Amino acid sequence: MSNPTPPVGPGLPETQTLVPDTVPAPSPRRAGKRAKGGKPASLWTDAWYDLRRRPMFILSVIIVLILLVMSAMPWLFSSIDPTVARTCDLSTARQGPSAGHLFGRDNLGCDVYARTIYGARNSIVIGVLTTIITTFVGGLLGIIAGFRSGMVDTVSSRVTEIFFAIPPILGALLIAATFRGRANSILLVILALAVLGWPMVFRIMRAAVITAKNQDFVVAARALGAGSSRIMFRHLLPNSLAPVIVVATINLGGFIAAEAALSFLGVGVQSPDISWGLMIADARNRFLEAPLPLVFPAVFLSITVLAFIMMGDAVRDALDPKLR
């Protein structure tokens, strides 16, 4: 007589061998959001995964990389060095485009294409250095004020409000005009823009630190005996840096535009240095007669500012989970 088939039921071990595995395999998106070694992806890894799939970000990065190479090695893009006086011929002033001069010549007979290429260096250097200074100063003061609170926060916030009350372009114009001739024009523009640009970063960093300092990881670090400096720079700074990076990226384009405005008004970059704003200012009086010396630097300026703003918008969308 054969043995009867043993009963199976929900609570018996045999049931476990008969029930198929119903756990779904991880989706490609979740699998891609894991760091090496099988560890869960961090905010930055997740953001990078998202950014690589945004056409706007890829396009802006390509444009920015071209501009950076152009500013660092302009001789790769133009065989003419506009900083050498002999390359300008006054008898050919305001000539139209030709085979040897793609953008024509300006009011002094200089090659517009070469000056546009070489003008990228000063414009981008001013934007990058101003962004670095404002991010460092505003970020440092913001993390101290947000963490310390009390009188330190109150005083720094009131000082910041004073700077916010000053119109940026008007204030930078006043600073640049006051110290004009006493320092290098490029350094003076950086100083004028940095003095009025740090409060925005300060406010963003302060708000992020105030939000993060009450989180469990900060309380745990304090309970383990971590000092104030370690908490601020080891725990709070990495968790408060995302909005600052977004603001800094967008501000970079704004600083380049502000430099062009100051140079156009005559208090920014001065000749013999070259910048897009200075080229626009030199060509404005003859615009109806020869529009190309103004149009091309204006187009390059617009593309540069737009590229940095597009990059900042893409980074913001990738770092903010609410916008995904």
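Everything here concerns the structure above.
All figures in this text were calculated on a predicted structure; none of them were measured in a lab.

J.: Looking at this structure, I do not really get the packing of aromatic side chains. What am I missing?
T.: The tally for this structure, following the rule as stated, stands at six aromatic pairs. Between the aromatic rings of Phe163 and Trp198, the centroid separation amounts to 5.3 Å while the plane-to-plane angle is 65°, which identifies the pairing as edge-to-face. With a gap of 35 residues between them, Phe163 in helix H6 (residues 150-164) and Trp198 in helix H8 (residues 185-212) connect regions that are remote in the sequence. On the basis of relative accessibility, which here comes to 24%, the residue Phe163 falls in the partly exposed class.

J.: Honestly, unusual backbone geometry in this entry has me stumped. Any pointers?
T.: Glycine aside, negative phi is the norm for most residues, and most peptide bonds take the trans geometry. A positive phi angle, near 60°, is found at Ser149, a position not held by glycine. Inspection of the secondary structure puts Ser149 in the loop between helix H5 (112-148) and H6. Residue class for Ser149 comes out partly exposed when judged on its relative accessible area of 23%.

J.: Sorry if this is basic, but what is going on with the nonpolar core here?
T.: Where a protein is soluble and globular, its nonpolar side chains tend to be buried together. With 34 residues, the main nonpolar core has Ile256, Trp276, Leu301 and Val315 as its most contacted residues. Listed by contribution, the elements that provide at least two residues to this core are helix H3 (43-51), helix H4 (55-72), H5, helix H10 (228-264), helix H11 (276-283) and helix H12 (292-319). Top element by residues in this core is H12. It accounts for eleven residues.

J.: I would appreciate a short explanation of the packing of H5 against H11 in the present structure.
T.: Each pair of packed helices gets described by two things: the angle between the helix axes and the distance between those axes. The geometry of H5 relative to H11 is characterised by a closest axis approach of 8 Å and an angle of 135° between their N-to-C directions. Compared by their axis directions, H5 and H11 come out oblique. Residues Val112, Arg115, Thr116, Gly119, Ala120 and Ser123 of H5 lie in contact with H11, whose contacting residues are Trp276, Met279 and Asp282. Along the lines of polarity and charge, the residues of the contact of H5 with H11 split into four nonpolar, three polar and two charged.

J.: Looking at this structure, I do not really get the side chain of Arg105. What am I missing?
T.: Relative to the assigned elements, Arg105 resides in the loop between H4 and H5. Buried charge Arg105 goes without a salt bridge, the closest partner of opposite sign being Asp111 at 5.9 Å. A distance of 2.4 Å separates a polar atom in the side chain of Arg105 from the backbone oxygen of Gly109.

Rules and cut-offs
- Residues numbered from 1 in each chain as written.
- Predicted model: local features only at pLDDT ≥ 70, side-chain atom pairs only at ≥ 80, totals over all residues.
- Heavy atoms only, no water.
- Phe/Tyr/Trp six-rings, centres within 6.5 Å; stacked < 30°, edge-to-face > 60°.
- Helix = DSSP H or I, 4+ residues; strand = E, 2+ residues; numbered from the N terminus.
- Buried < 20%, exposed > 50% of the residue type's maximum accessible area, 1.4 Å probe, protein only.
- Core = buried A, V, L, I, M, F, W, Y, C linked by side-chain atoms within 4.5 Å.
- Axes fitted to C-alpha atoms, helices over the stretch in contact; angles between N-to-C directions.
- Parallel < 35°, antiparallel > 145°, perpendicular 65-115°, else oblique.
- Contact = heavy atoms within 4.5 Å.
- Nonpolar A, V, L, I, M, F, W, Y, C, P; charged D, E, K, R; others polar.
- Lys, Arg positive; Asp, Glu negative; His and termini not counted.
- Salt bridge = Lys/Arg side-chain N within 4 Å of Asp/Glu carboxyl O.
- Polar contact = N/O pair within 3.5 Å; in protein donor to acceptor, adjacent residues only side chain to side chain.

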